[in-house]
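Listed below, chain by chain, are the residues.
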Amino acid sequence: MNESLLNKVSELKTQLANHPEVKKLNEIEKVLNDDETVMRLAYKKDVLITKYEDALNHFGDNSKEAQEAQRNLAKAKLELDENELVKKYNEQFKKVRALYDKINKEIFNPFN
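Worth saying up front: this structure is predicted, and the values here are computed from it rather than measured. (Residues numbered from 1 in each chain as written. Predicted model: local features only at pLDDT ≥ 70, side-chain atom pairs only at ≥ 80, totals over all residues. Heavy atoms only, no water.)

(A) Seen up close, the side chain of Asn83. Following the sequence through the fold, Asn83 ends up in the loop between helix H4 (64-81) and helix H5 (84-108). Overall, Asn83 belongs to the buried group, its relative accessible area being 15%. When near neighbours in sequence (up to four residues on either side) are disregarded, Asn83 contacts Thr37, Val38 and Leu41. (Helix = DSSP H or I, 4+ residues; strand = E, 2+ residues; numbered from the N terminus. Buried < 20%, exposed > 50% of the residue type's maximum accessible area, 1.4 Å probe, protein only. Contact = heavy atoms within 4.5 Å.)

As structure tokens, this is what we get:
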């Protein structure tokens, strides 16, 4: 890459990092990661993912063990998703994702 392009990419990276929506997402993420309740719910979900995968591998899709593990996982995921901090993070993530999609279209549409 030439130096001019590298400078423009670096400038874009800096502008994105300083964009208010990205900054807000980073702030929410820090609070989220520091919240004991959210971390406990996320850990519970992760453990249940493993249990569900194990049930699928050992007993198959239609087994009562796999179905029970799937229900438990769905409950844990819902509990995590209903947490107010997680909702706030997900809403902000959607805004940042839309920003990135817009940039992606601007940059790459001329090549399509």
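Further notes follow.
(B) Summary view of the nonpolar core. Of all hydrophobic cores here, the largest spans 13 residues; its most connected members are Leu32, Val38, Leu80, Val86 and Tyr89. Sequence-distant contacts of Tyr89, defined by excluding residues within four places in its chain, comprise Leu25, Ile28, Glu29 and Leu32. Grouped together as the second largest cluster of nonpolar side chains are seven residues, Leu48, Ala55, Leu73 and Ala76 included. (Core = buried A, V, L, I, M, F, W, Y, C linked by side-chain atoms within 4.5 Å.)

(C) Molecular detail of H5. Between the first and last C-alpha of H5 there are 36 Å, a value that for 25 residues agrees with the 36 Å anticipated at 1.5 Å per step. All of the buried residues in H5 are Val86, Tyr89, Gln92, Val96 and Leu99. Capping of H5 at its N-terminal end is provided by Asn83; its side-chain oxygen lies 2.8 Å from the backbone amide nitrogen of Leu85. (Expected span 1.5 Å × (residues − 1). Polar contact = N/O pair within 3.5 Å; in protein donor to acceptor, adjacent residues only side chain to side chain.)

(D) Main features of the packing of helix H3 (residues 36-59) against H4. H4 packs onto H3 with a crossing angle of 160° between their chain directions and a minimal axis gap of 8 Å. The angle between H3 and H4 falls in the class roughly antiparallel. Regarding H3 and H4, the two cross each other, and that crossing is left-handed. Judged by residue contacts, Val38, Leu41, Ala42, Lys44, Lys45, Leu48, Ile49, Lys51, Tyr52, Ala55, Leu56 and Phe59 of H3 engage Glu65, Ala66, Ala69, Gln70, Asn72, Leu73, Ala76, Lys77, Glu79 and Leu80 from H4. Tallied by class, residues from the contact of H3 with H4 come to 14 nonpolar, two polar and six charged. (Axes fitted to C-alpha atoms, helices over the stretch in contact; angles between N-to-C directions. Parallel < 35°, antiparallel > 145°, perpendicular 65-115°, else oblique. Left-handed = near helix turned anticlockwise from the far one by under 90°. Nonpolar A, V, L, I, M, F, W, Y, C, P; charged D, E, K, R; others polar.)

(E) Quick peek at the packing of aromatic side chains. For the structure shown, the criterion picks out one aromatic pair. Ring geometry for Tyr89 against Phe93: centres 6.1 Å apart, planes inclined by 25°, an arrangement best described as stacked. Of this pair, Tyr89 and Phe93 both sit in helix H5, four residues apart, which is roughly one turn of the helix. (Phe/Tyr/Trp six-rings, centres within 6.5 Å; stacked < 30°, edge-to-face > 60°.)

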